[in-house]
Amino acid sequence: MGFCRRRRFPEGSISRNLKMRLWQCVLPLVLAVPLVSDACFTEERIALLQIGDSLMGTTAAGWLDTDDCCSWGGVTCSNDTRRVTTLQLSFNGDLPESELCSMKLNSTVFSAFPELQFLDFSMNRVLFQSSDGFVGLSKLRRLDLSYNCFKASYMESLGKLVSLEVLHLEFTTMVGALPASVFENLRDLKELDLSNNQLTGNLPVSIFTLPLIEHLNVSQNLFEGSIPWSSRSNISSSYRTLDISMNNLSGNFSFLWLRNLTNLEKLYLSGNVHLAVCVNFPGWTPPFQLKELLLSGCDIDKTIFAQPHFLRTQNYLEVLDLSNNSLSGSIPRWLFAQQSTLLYLNLENNLLSGSLDQIISTQTNLLAISLSLNRISGHLPANISSIFPNATLLDLSGNTISGEIPSDLCNISNMEYLDLSNNNLSGELPSCLFADHPILKTLKVSSNKLGGLILGGKSNLSIRWEIYLDGNNFEGGLPRDLTGNFEFQGTMDFHGNKLSGKLDVSLWILPNLWTLNLASSNLTGEIDPSICNLTSINLLDISNNISGSLPNCNNPLALLFLNMSGNLLSGEIVPHSFFSNATITALDISYNQFTGNIDWIHTLGTYPAFKYTSCYDQRGFRFLTKYNLYTYRQNFIDMFQGFDFSYNMLSGEIPPELGHLTNLKALNLSHNNFFGKIPASFANMSEIESLDLSHNELSGAIPRQLSHLSSLAVFSVAYNNLSGCVPDAGQLSLFNMTSFEGNRDLREASPGSVCAASSSPDGPSRWQPGAGGEEVRDPALYAVSAASFVLSFWITVGFIFCHSYGQRMVLKL
């Protein structure tokens, strides 16, 4: 079923506000047109205009040509009654995420269409204020409200639409439990999609007992508990698709429960880590033939390969995902039989062993295969194009494959994605992969033992998206005349190799290059001013042995992330000379010889609501925070803003305007020559997690306002000239002596914010190096230190193993 497309106004056209005012003038005239026999009903025309008005006039251009709404785009009427029977009003699919739920709509407007049978209102991103307007639509058979904002409590009203056959509510931001009675009256429902919401609680039994249901999708929610399904349940035999993946379901799921589903074609159970899935039943032949089976990250029967009773019965399987299941044993040769129908096979993150030599039959149908993160060894077959002749995706990363990469890979003409990273491959990379493979979009060979010239000595790139050569032994200088035509946010990662020469990109023609990583590659000399020609660059890492000053660009680079740490760069950093202050989100200039003040720092990262959409995920952006080197990748970068200016020769006072950077996560100004007071405005940095001001010449007291920084996990003002009392409240009271040592006149505060009598100016300070006394045996200090350590430890463990970003970071390391 097609959608009406939103009409785009050319540049210089009327503004949205002007269109709204135009509607206010035109609407009364349109409504005044009398009802004629061959036109649509007046109340339906009025309702449609109200909908258009609610959508800020997005339908105006198509609906002002005639007064007969039956001829309007997206509207279909009955030839007999002239009543509206179909509405396809999907207009705002290209609206940005920031406008989600920004427009409101009262559903009562739909009550004007008593003969309505099909309603597609998807992709409009409006906030429904009620669902009462749908109640009277007794003839409604298809309802699609996906990609809008809907409440779970509104579902009760939809339960009265007894003629409904198709209901789509995916991506509607629904939160909470489903009312148990919703589906009791929807006996004609054939297709139900509630995926990608935040629905909680148990799955209602009534969902599974719908007599005519064919396609059920409740994936990507927060449902928990056991599946209300057993051999005694009254389950419809009409099922074709059953998707309950990516929830928190637990208990057991037996494939024997499916024995009456003669039409089942697609079964998705992935992502329910506590769901015990029992697959194998010797002697049982299922009455169905699956086309797609997804069992990733479940507690599945580990004998699924060793005793493949069920899989051997599925003769038409096209998609099989058994990843993330700790399956062991050799690569199952029977999966790669000559008559195999598999199109997509995902076995990544298991414990499979053996070599690709075990696959002897040509896999003509196989388009995508992932065997990454296993224990596969041996060499890549020299005739690999004969084994996977039509592969578009081949992922063998994270194994122990050795030997050379065969040039026969270039003969897989449809290859779009090739990942051989994190193996023991050696030799030179076939140059045909760089220049003679126009279909290839992504090439990853990171963390191997490959050598030879960088890019195989080629200068005309054919790769469309990403090139990852990091962590190898490639050598030589950067090509001076490098050309290419990246289609989308191009990435080149060469870090951790044995390159030489200067950073000279004077003859590069790479108009869509977004990411360039040259860190730890032994580049020397000064930064050639030609780097200013990389006008599309967003992420740049040039941490090497580069010297000199930063080049002056006529138009500063609109960088989001810039890492220049560990060089020999010097001179003052002049605002708007090299990078644009307003766009920079993460900046690391640590371990250089920069001088001057940082009065310009408060202008960094002033652009609002940044969304990073690059495909860059192999290394990401390194940042030293919380005393550890973290790598921020993909979506996690969206949440990060940090500046590291440590180990330079910067001076002057710390600008109080820094406190205006309320999204800042990490700030390191240590090991410089800053003087003056710590700005009390730092208390406004409500999201700060790591703040290091140590080893400077700061004086005065520590502002008590900093005690309110509840997110602060690392804090140091050690080795300055601070005086007064250490705030003993809030977050600052949790840090031990190492955060404050080296300040001679800094005293411990007693209750009531009065410095302790024992800490007289004539005696050694508790935070002075070498100070003896009772602080070494202070039980309170031990208690606070132990508590801080335990808290930090478990927060870290919890992030790594429980948070999805942490899990992905671990898998990528």
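The structure this text deals with has already been given above.
My aim in this report is to walk through the structure given alongside it, one point at a time. Being a predicted model, the structure only gives us computed values, none of them experimental.

About the thresholds
- Residues numbered from 1 in each chain as written.
- Predicted model: local features only at pLDDT ≥ 70, side-chain atom pairs only at ≥ 80, totals over all residues.
- Heavy atoms only, no water.
- Core = buried A, V, L, I, M, F, W, Y, C linked by side-chain atoms within 4.5 Å.
- Buried < 20%, exposed > 50% of the residue type's maximum accessible area, 1.4 Å probe, protein only.
- Contact = heavy atoms within 4.5 Å.
- Helix = DSSP H or I, 4+ residues; strand = E, 2+ residues; numbered from the N terminus.
- Salt bridge = Lys/Arg side-chain N within 4 Å of Asp/Glu carboxyl O.
- Pairing = 2+ DSSP bridges.
- Phe/Tyr/Trp six-rings, centres within 6.5 Å; stacked < 30°, edge-to-face > 60°.
- Polar contact = N/O pair within 3.5 Å; in protein donor to acceptor, adjacent residues only side chain to side chain.
- Disulfide = S-S within 2.5 Å.
- Axes fitted to C-alpha atoms, helices over the stretch in contact; angles between N-to-C directions.

What to know about the nonpolar core
Consideration 1: Membership of the largest hydrophobic core comes to 205 residues, with the highest contact counts inside it found for F110, F121, F183, W229, F255, M492 and F645.
Consideration 2: Residues contacting F645, with those up to four places away along its chain left out, are L587, I589, S590, I598, W600, I601, L604, L650, N668, L669, S670 and N672.

Regarding the environment of F434
Consideration 1: If you trace the backbone, F434 turns up in helix α7 (residues 432-435).
Consideration 2: Between the C-alpha atoms of F434 and S459, which are 25 residues apart in sequence, the distance is 8.8 Å.
Consideration 3: Setting aside chain neighbours within four positions, we find F434 in contact with L429, L443, L455, G456, N460, L461, S462, I463, I467 and L469.

Points about the pattern of salt bridges
Consideration 1: Summed over the entire model, instances satisfying the criterion amount to 13 salt bridges.
Consideration 2: E43 is the partner of R83 in a salt bridge, and the nearest nitrogen-oxygen pair spans 3.1 Å. Of this pair, R83 sits in the loop between β1 (75-77) and β2 (84-88) while E43 sits in helix α2 (residues 42-54), and the two are 40 residues apart along the sequence.
Consideration 3: R83 sits in the buried class, given a relative accessible area of 16%.
Consideration 4: Of the residues examined, E43 reaches a relative accessible area of 37% and is grouped as partly exposed.
Consideration 5: E165 is paired through a salt bridge with R141; the nearest N and O atoms lie 3.7 Å apart. Of this pair, E165 sits in the loop between α4 (155-158) and β7 (166-168) while R141 sits in the loop between β5 (126-128) and β6 (142-144), placing them 24 residues apart in sequence.
Consideration 6: Since its relative accessible area comes to 23%, E165 is described here as partly exposed.
Consideration 7: Through salt bridges that share partners, E43, E44 and R83 make up one connected network.

Looking at the pairing of strand β16 (residues 274-278)
Each regular strand displays side chains that alternate between the two surfaces of the sheet.
Consideration 1: The side-chain alternation of β16 yields one buried face, formed by L275 and V277, and one unburied face, formed by H274, A276 and C278.
Consideration 2: Examined bridge by bridge, strand β14 (residues 248-254) and β16 share five bridges and lie parallel to one another. Residue pairing across strands places N252 opposite A276, the latter belonging to β16.
Consideration 3: Bridging between β16 and strand β18 (residues 299-300) involves two bridges; their strand directions are parallel. Note on β18: the bridge partner recorded for A276 is D299.

What to know about the environment of R375
Consideration 1: Checked against the element boundaries, R375 lands in strand β24 (residues 375-377).
Consideration 2: Each C-alpha atom of the pair R375 and G398 lies 8.1 Å from the other, and the pair is 23 residues apart in sequence.
Consideration 3: The residues contacting R375, other than those within four sequence positions of it, are L351, L352, S353, G354, N399 and T400.

Thoughts on the packing of aromatic side chains
The description of an aromatic ring pair rests on the distance of the ring centres and on the angle between the ring planes.
Consideration 1: Counting across every chain of the model gives 19 aromatic pairs.
Consideration 2: With a centroid separation of 5.6 Å and 85 degrees between ring planes, the pair formed by F110 and F121 is classed as edge-to-face. Taken together, the residues span a long stretch of sequence, with F110 in the loop between β3 (103-105) and β4 (118-120) and F121 in the loop between β4 and β5 at a distance of 11 residues.
Consideration 3: Relative to F735, the ring of F715 lies with its centre 5.8 Å away and its plane at 40 degrees, an arrangement referred to as tilted. With F715 in strand β52 (residues 714-716) and F735 in the loop between β53 (721-726) and β54 (745-750), the pair connects residues that are 20 residues apart, well separated along the chain.

As for the side chain of N544
Consideration 1: Tracing the backbone shows N544 in the loop between β38 (539-541) and β39 (547-548).
Consideration 2: You can call N544 buried: its relative accessible area is 5%.
Consideration 3: At a separation of 2.7 Å, a polar atom in the side chain of N544 contacts the main-chain amide nitrogen of S521.
Consideration 4: The contact partners of N544, leaving out residues within four places of it in the chain, are L518, A519, S520, S521, N522, L523, S565, G566 and N567.

Structural notes on the state of the cysteines
Consideration 1: Taken as a whole and judged by the stated rule, the model has five disulfides.
Consideration 2: Here C40 pairs with C69 through a disulfide, and the sulfurs are 2.0 Å apart. An S-S torsion of about 135 degrees defines the bridge between C40 and C69 as right-handed. Placement of C40 in the loop between α1 (16-31) and α2 and of C69 in the loop between α3 (60-63) and β1 is noted, with a sequence separation of 29 residues between them.
Consideration 3: When its relative accessible area of 0% is taken as the criterion, C40 is described as buried.
Consideration 4: Residue C69 is classed as buried on the basis of its relative accessible area, which comes to 0%.
Consideration 5: Between the sulfur of C532 and that of C553 lies a disulfide, 1.9 Å long from S to S. Its S-S torsion of about -70 degrees marks the bond between C532 and C553 as left-handed, since a negative value means left-handed. On the criterion of sequence distance, the pair formed by C532 in the loop between β37 (524-527) and β38 and C553 in the loop between β39 and β40 (561-563) is long-range, its members being 21 residues apart.

Regarding unusual backbone geometry
Consideration 1: Residues other than glycine seldom take positive phi values, yet R125 does so here, at roughly 60 degrees.
Consideration 2: Tracing the chain through its elements places R125 in the loop between β4 and β5.

Things to note about the sheet that holds strand β22 (residues 351-355)
Consideration 1: Judged by pairing direction, the sheet is parallel, and its three strands sit side by side in the order β20-β22-β24 without closing on themselves. Edge positions in the sheet fall to β20 (328-330) and β24, since each has one partner strand and no second. Neighbour to neighbour, the strand axes of the sheet diverge by 10 degrees on average, direction disregarded.

Points about the environment of L420
Consideration 1: With respect to the secondary-structure elements, L420 resides in the loop between β27 (417-419) and β28 (424-428).
Consideration 2: A sequence separation of 25 residues divides L420 from V445, and the C-alpha atoms of the two residues are 4.9 Å apart.
Consideration 3: Apart from the residues within four sequence positions on either side, L420 is in contact with L380, L396, S397, I405, L409, L425, K444, V445 and N448.

Some points on the sheet that holds β16
Consideration 1: Overall, parallel pairing links the four strands, which are arranged β12-β14-β16-β18 in an open sheet. The open sheet has two edge strands, β12 (224-225) and β18, and neither has a second partner.

Description of the side chain of S107
Consideration 1: Mapped onto the elements, S107 comes out in the loop between β3 and β4.
Consideration 2: Note on S107: relative accessible area 0%, which makes it buried.
Consideration 3: Polar contacts involving the side chain of S107 include one to the main-chain carbonyl oxygen of S130, which spans 3.0 Å.
Consideration 4: Other than its neighbours up to four places away in sequence, S107 contacts F128, S130, S131, D132, G133 and F134.

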